[in-house]
Amino acid sequence: QVQLVESGGGLVQPGGSLRLSCTASGDIFRINAMAWYRQPPGKQRELVAKVWHDDNTNYADSVKGRFTISRDSAENTVYLQMNSLKPEDTAVYYCNAPGLTYRRGVHYDTDDFWGQGTLVNVSS
């Protein structure tokens, strides 16, 4: 079974930094892209950053210049370096692998996988 597992969340003061990581495991054939989403309490989940297999990236305007997404294809891992954190960055952060292709029995399937989320709390 394919799994995405996040780590690195926690409590940090405004202006501080955190680095999140997410590793995909299982019988994976191809990961087209990996992304980070976040969901603040009581709000809709939103895209934070995305990186494609060719290292092309996209960021939400609210995090440009502060967050950096990167990947390690050999380890099926994506990172989110978060600097200059603000209280409004507080959210559960989710790792996402859209269009992940994996082996299921003798066939290959493609699906959209999500991690369980890791909480980032930016507070004094």
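In every chain, residue numbers begin from 1 and rise along the written sequence. Restriction of local features to residues with pLDDT of at least 70 applies here, the model being predicted, together with a cutoff of 80 or more for giving and counting side-chain atom pairs; totals for whole chains, interfaces and linings are based on all residues. The side-chain numbers reported here are obtained from all heavy atoms of the structure, hydrogens and water having been left aside.

A. The sheet that holds strand 8 (residues 67–72), seen in detail. Spatial ordering of the open sheet is given by 1-3-9-8, a layout of four strands whose pairing is antiparallel. The two strands at the open ends of the sheet, each matched to only one other strand, are strand 1 (3–7) and strand 8. Neighbour-to-neighbour, the strand axes of this sheet turn through a mean angle of 15 degrees, independent of strand direction. The pairing of strand 8 with strand 9 (residues 77–82) spans six bridges and is classified as antiparallel. Along strand 9, the bridge assignment pairs Arg71 with Val78. What makes two strands pair is DSSP finding at least two bridges between them. Counting from the N terminus, the helices are DSSP H or I runs at least four residues long and the strands are E runs at least two residues long. Between N-to-C directions, angles cover 0 to 180 degrees, with each direction set by a line fitted to C-alpha atoms, over the stretch in contact for helices.

B. Quick peek at the side chain of Lys50. Here Lys50 shows up in strand 6 (residues 46–52). Exposure classes here rest on a 1.4 Å probe applied to the protein chains alone. A residue is buried below 20% of its type maximum, exposed above 50%, and partly exposed in between. We score Asp and Glu as negative and Lys and Arg as positive, and we do not count His or the chain ends. Basic side-chain nitrogens of Lys or Arg form a salt bridge, by our definition, when they fall within 4 Å of a carboxyl oxygen of Asp or Glu. No salt bridge is formed by the buried Lys50; the nearest opposite charge belongs to Asp112, separated by 8.6 Å. Throughout, a contact is declared for two residues whenever any of their heavy atoms are within 4.5 Å. Filtering out sequence-adjacent residues up to four positions away, Lys50 remains in contact with Ala33, Met34, Ala35, Asn56, Thr57, Asn58, Ile69 and Pro98.

C. Quick look at the packing of aromatic side chains. Stacked, tilted and edge-to-face are the three classes applied to pairs of Phe, Tyr and Trp rings, where Trp contributes its six-membered ring and a pair requires centres within 6.5 Å; stacked means planes under 30 degrees apart, edge-to-face means over 60, and tilted covers the rest. What the rule picks out here adds up to three aromatic pairs. Positioned over the ring face of Tyr94 is Arg45, at 3.7 Å from the centre of the ring. Here the guanidinium or amino end of Arg45 rests over the ring plane of Trp114, the centre of that ring lying 4.8 Å away. Think of it as a cone above the ring: NZ of Lys or CZ of Arg counts as a charge over the ring if it is within 6 Å of the ring centre and within 35 degrees of the ring normal.

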